Every structure is written in C-alpha cells, then in structure tokens.
Amino acid sequence: MMKTISLIQFGLGGVGRALVERVLAARDEFEWRYGLHVRYIALCDSRSAAIDLDGFSFTQLRRMLAAKEQGQSLEDLEFGYKRESLEDIVDIAGGEDVVVVDVTASDETTPALLLALERGYAVVLANKKPLAGSFETFRQLTQSGRLRYEATVGAGVPVIATLREAIIPSFDRVFRIEGCFSGTLGFLTTGLEEGRLFSELVREAQELGYTEPDPREDLGGMDVARKALILARTLGWPLELKHIPVESLFPADMSSGSVQAFLQALPRLDESYRQKVEAARTRGHTLRYVARLADGAATVGLREVPKESALGQLRGSDNLAAFHTEVYNQTPLVLQGRGAGVHGTAAGVLADIIALVR
Ligand SMILES: NC(=O)c1ccc[n+]([C@@H]2O[C@H](COP(=O)([O-])OP(=O)(O)OC[C@H]3O[C@@H](n4cnc5c(N)ncnc54)[C@H](OP(=O)(O)O)[C@@H]3O)[C@@H](O)[C@H]2O)c1
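Being a predicted model, the structure only gives us computed values, none of them experimental. Note that residues are indexed from 1 along each chain, following the sequence as it is written. Predicted model: local features are reported for residues with pLDDT of at least 70 only, side-chain atom pairs are reported and counted for 80 or more only, and whole-chain, interface and lining totals are derived from all residues. Computation of side-chain values: all heavy atoms of the structure, hydrogens and water removed.

A. Summary view of the overall build of the protein. Helix and strand assignments come from DSSP, with helices taken as H or I runs of at least 4 residues and strands as E runs of at least 2, each series counted from the N terminus. Scanning the protein from terminus to terminus reveals 14 helices and twelve strands. Radius of gyration: over C-alpha atoms. The globule rule applied is 2.2 Å multiplied by the number of residues raised to the 0.38 power. A compact globule built from 358 residues would reach a C-alpha radius of gyration of about 21 Å, and the protein, at 21 Å, matches this within 12%. The dimensions of the protein, computed from C-alpha atoms along their principal axes, are 65 × 50 × 35 Å. Whether a residue is buried, partly exposed or exposed follows from its accessible area with a 1.4 Å probe, protein chains only, as a fraction of its type maximum: under 20%, in between, or over 50%, in that order. Out of the 358 residues in the protein, the part that is buried amounts to 52%. By sequence separation, contacts in the protein at least 24 residues apart represent 66% of the contacts at least 6 residues apart. Shrake-Rupley sampling with a 1.4 Å probe provides the accessible areas, and residues are treated as covered by the protein chains on show and by no other component. Looking at the protein as shown, the accessible area adds up to about 15900 Å², and 49% of this sits on carbon and sulfur atoms. Two residues qualify as a contact provided that any one of their heavy atoms is within 4.5 Å of a heavy atom in the partner residue.

This is the structure we're talking about:
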C-alpha cells in the first residue's frame, strides 16, 4: 500500500531549493523502498506562497526553482500569490500525513510550527532560530516527538540523532561534548595553523562565500552558540542563550562600521593571532573554535586543543562532534564530516522527513 506524504515548505533559498531537487530525485526510490509517495502541496518564501492540495507537478516545481534562482518571488508565477501569515498556509494546506519543513533563517516561523504540531503534523527544521528562543518554546516544539532538527547542528552529520537515538536512550552518561560546528571558523583556524594571516583568511573566506556577506556574523560566534544551545537542550539542560559565554574573534570596537572598514582594520589582529598559534604550538597544541558542553553548562570560543586529538586533527571546513561518555570513556565517540553546504543540509532534512513518516 502506497502512503502519500504531503510537504509544506517554508523557505526556498539555497537549502530550500536543494531540498526540492532532492525530493524530486528521490521520488521513485522512496516509492519502491518505503512505499512512500512524497509530494509538495505548499511552498512559501518571505512574501508569497503557492498551494495545490493535489500536489504540484514536476514542471511546476521546476518553474518555482528557476524563478527563485533568478531572485524572483513565488507571486511572480501564475500559481503563486502574495501570502498572509504562515499559520494561514498551515490552515489551508492541512490534511493527512503532512510534514511542515522550515528551511528559512527566520524567527517568525514558530507560531506556524506550533500550530502544525497542534494539528498532529510532523515538523522538520534546518532553521535554528525557533529552537534557540526560550527554553519553554523549545520544550513546546519538541515534546510531542514529532519534530526533528538534525540539520540545525552539523548540517547532514547525524549529531542530534546520535544523541537522541544512541546515547540518551542507552542510559549512557554524558561527561562532555566538544565540537567544531562552524565550517567557516574551521577554515580560519586550520589556516592559522598553517601560518597564514588572520586578515587574509577572513578575506578569502568571504570571497569564497563561506561567510555571511558581513563576516562578523560568523566571527562573532553566535551561530555556534545557538548550536551549542540546541545540543544542551537536547540533553535536557534548561539553558538560555544568555547563559552561554561566547568569545568573539574580533574586539567589540570593531563591531560597528561598514564591512569594508572592518576588513581594512583586520590586519591589526594578525600579530596577536600569530602569537596565540605559536604559543599553542610550543605546547603541542593548536587552536580551534570549540563548543564545549559539560556539567550542565556550555561555552563557545577559541581553545587550545592537543594537536593529536580528534579536534586537533580536523582540517578545513569539516565539522566534528566528540562525545565523551561513560560508554565511550577511553576514546570519545567521534562524528566528522561536511557540516555546511546546501546539499548536505538538504540531505539531513530529507532523512528527518523520512524518519518521521515511515
Ligand atoms: N546553507 C547552509 O550550509 C546551512 C547549513 C545548516 C543549516 N542551515 C540553515 O538552513 C536555513 C536556510 O539556509 P539558506 O542558506 O537556504 O538561507 P537563505 O538562502 O537565506 O534562504 C532563506 C529562505 O527563507 C525565506 N524566508 C525568509 N523569511 C521567511 C518567512 N518569514 N517565511 C517564509 N519564508 C521566509 C526566504 O525568502 P525569500 O526567497 O523571499 O528571500 C528564502 O527563500 C537557515 O536557517 C540556515 O541557518 C544552512
């Protein structure tokens, strides 16, 4: 018996479009492998929506992708329209076996996600913001067990699944978790280790599109702090973002002003980073930007780690999570892999969708 799964997707940016492509590519395989027919019944961007309760055709989805690729809005297509709230979309597009997917970078989706859960739908997030608001909202979103969020930490690398499906239910005791959860900051710290200048690395990361248009958004560490918060809450620790000390990689006096002025001022930090790398090297250590969770608390910042440790061996933009637990006490359980990029992220989202509906 074939089961039909109906997707409502918020967001058609890089990850959203990669997800539509992946769903289209996987359709035949999912039909024979799982007996699941996966279709789209609604898609939204920041202003508009397209809804078809019978499911959009391959051609219609391709046209939406092409329009979004060219920077258009869904309302520019004949089957798109200027939308009202996302809750309205959940209302209109309801039904059996619905999964709501949030691949926006917005904190405005929470009410629609809560409504979807209230209706009994499943929810999948790549968007960290709803889970990084208050602990109470995190609890409301996750308590039903019908919401998954693998792609919020480490993109497709199964960090959350390892915690939720291997470590926590096996009654293993977590002593600490250490991880590198920013591809951009991994690129910078391994570049520093190779003797390159901080300012040159930041500029290159920006040119390669590894950073946000304003690199301070990555260098400030808040994105990593949100990931640490999500991990901590997954462990059941009732933390708020303000409880997590976050070390920024630039001083406070460089936080205002244009991106151009920031990039021009960066060389003044080069010498102090060179000295830090050198000091670490004399101790057999190297620098990594680390999220650390232990004893109910989380911290995020630049740390010296032993060169031969899993974190010290990490290269380039890969992400890594090392779980030090009662079971994995001699050597930690380590997950490592590409922790950014639209395809890996879309892969993590799709695996969550299938896990919820099988
Ligand atoms: N890219 C990665 O490697 C990566 C890795 C892990 C996790 N993530 C997470 O995945 C999410 C998506 O990333 P992305 O790179 O695809 O971002 P993006 O390219 O900026 O796309 C965001 C999309 O969300 C839409 N949007 C914004 N506000 C909305 C709202 N209120 N309602 C509905 N749609 C809204 C935007 O609409 P418009 O098209 O109208 O602007 C756009 O289509 C983010 O939360 C990001 O942190 C990304």
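B. Region of interest: the sheet that holds strand β10 (residues 297-306). By this definition, two strands are paired if DSSP reports at least two bridges between them. Spatially, β10-β9-β8-β11-β12 is the arrangement adopted by the five strands of the open sheet, whose pairing is antiparallel. Two strands in the sheet have a free side with no partner beyond their single neighbour: β10 and β12 (333-338). Neighbour-to-neighbour, the strand axes of this sheet turn through a mean angle of 20°, independent of strand direction. Relative to strand β11 (residues 318-325), helix α6 (residues 159-167) is tilted by about 20°, and along the sheet it contacts β8 (174-180), β11 and β12. Throughout, an axis means a line fitted to C-alpha atoms (over the contacting stretch in the case of helices), and angles, computed between N-to-C directions, take values from 0 to 180 degrees.

C. Inspection of the nonpolar core at higher detail. Working definition of a nonpolar core: buried Ala, Val, Leu, Ile, Met, Phe, Trp, Tyr and Cys residues. They are joined through side-chain atoms within 4.5 Å. Core analysis: the largest hydrophobic core is formed by 75 residues, its most contacted members being I8, F10, V100, V159, F198 and L219. The leading source of residues in this core is helix α10 (residues 222-234), at seven residues. Note: domain ranges come from an automatic or database domain assignment. Here this core spans two domains, and each of domain 1 (3-155 + 343-357) and domain 2 (174-339) adds at least three residues to it. Residues contacting L219, with those up to four places away along its chain left out, are L185, L188, F198, V202, S248, L249, F250 and F262. Listed in part, the 37 residues of the second largest apolar core include Y40, L61, V99 and A122.

D. Summary view of helix α7 (residues 183-193). Of all eleven residues making up α7, eleven are buried, and the element is well covered by its neighbours. The complete set of buried residues in α7 reads G183, T184, L185, G186, F187, L188, T189, T190, G191, L192 and E193. Among the residues trailing α7, G195 stands out with phi positive, at a value near 95°.

E. Here's a closer look at the pairing of β10. One ladder, built from ten bridges, connects strand β9 (residues 285-294) with β10; its direction is antiparallel. Bridge assignment links L293 to a residue of β10, and that residue is A298. Hairpin remark: β9 followed by β10, antiparallel, with two residues in the connecting loop; positive phi at D295, about 50°.

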